[in-house]
Amino acid sequence: MIVSEITLLKQIDHPNIIKLKEIILSRPNKRNLFRGSTFLVFEYMDHDFAGLFKMKRKFSLPEIKCIFKQLLEGIAYLHKNKIFHRDIKSANILLNDEGDVKLADFGWSNYLNDHERKT
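In this report, we go over the structure that sits alongside the text. Note that the structure is predicted; figures quoted are calculated from it, not measured.

### Things to note about the packing of aromatic side chains
Here's step 1: For the structure on display, the rule yields two aromatic pairs.
Here's step 2: Ring centres of F49 and F53 lie 6.0 Å apart, and the angle between their planes is 50°; this geometry places the pair in the tilted category. Of the two residues, F49 and F53 both sit in helix α2 (residues 49-54), four residues apart, roughly one turn of that helix.

### Quick notes on unusual backbone geometry
Here's step 1: You will see that K82, though not glycine, has its phi angle at about 60°, which is positive.
Here's step 2: Structurally, K82 is set in the loop between α3 (61-80) and β4 (83-84).
Here's step 3: Even without glycine at this site, R86 takes up a positive phi of about 70°.
Here's step 4: Topologically, R86 is positioned in the loop between β4 and β5 (93-95).

### Focus: the side chain of K102
Here's step 1: Position of K102 relative to the elements: it lies in strand β6 (residues 101-103).
Here's step 2: Exposure remark for K102: the relative accessible area of 7% places this residue in the buried category.
Here's step 3: Side-chain polar atoms of K102 contact the side chain of E43, separated by 3.4 Å.
Here's step 4: Setting aside anything within four residues of it in sequence, one finds K102 in contact with P15, N16, I17, I18, K19, E43, M45, N92, I93 and L94.

### A look at α3
Here's step 1: Over its 20 residues, α3 extends 28 Å from the first C-alpha to the last, a length consistent with the 28 Å expected when each residue adds 1.5 Å.
Here's step 2: Every buried residue of α3 is listed here: I67, Q70, L71, G74, I75, Y77 and L78. Buried residues of α3, seen end-on, are gathered within an arc of 155° and therefore sit on one face of the element. Of the exposed residues in α3, those oriented more than 90 degrees away from the buried face are L61, P62, K65, K69, L72 and K80.

Reading guide: rules and limits
- Residues numbered from 1 in each chain as written.
- Predicted model: local features only at pLDDT ≥ 70, side-chain atom pairs only at ≥ 80, totals over all residues.
- Heavy atoms only, no water.
- Phe/Tyr/Trp six-rings, centres within 6.5 Å; stacked < 30°, edge-to-face > 60°.
- Helix = DSSP H or I, 4+ residues; strand = E, 2+ residues; numbered from the N terminus.
- Buried < 20%, exposed > 50% of the residue type's maximum accessible area, 1.4 Å probe, protein only.
- Polar contact = N/O pair within 3.5 Å; in protein donor to acceptor, adjacent residues only side chain to side chain.
- Contact = heavy atoms within 4.5 Å.
- Expected span 1.5 Å × (residues − 1).
- Arc of directions from axis to C-beta.

Spatial relationships are all this shows, so hold off on functional conclusions.
Have a look at this one:
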């Protein structure tokens with residue numbers, strides 16, 4: 001599943017989609033049961049909405065409009081490129097202190113019409 005997520009993240013570029021910065025591979029060894037590990041490094045975001053809800057963070061009406069606009073722009077970009085996220089939830093919507101909103105966690109995502117994309 002991680003291979004398809006990496007492939008997808010390398011292909012998309014939008015201000016409201018989290019950016020993959022680097023991929024780090026560890027070597028197989030006794031400690032990781034000789035399987036190795038893959039680590040994805042993303043741009044830093046200060047918060048996710050699940051954490052903000054737990055902290056009972058209140059947003060003004062203009063802030064809510066701005067957040068939703070950015071969220072919908074990110075989703076529109078994905079759908080225009082025939083990508084379906086499949087796991088939009090508060091923990092996968094990120095916010096930084098500058099007010100930028102980004103969609104994250106594309107592990108369950110796929111192309112809306114996979115056979116059409118390959119032609």
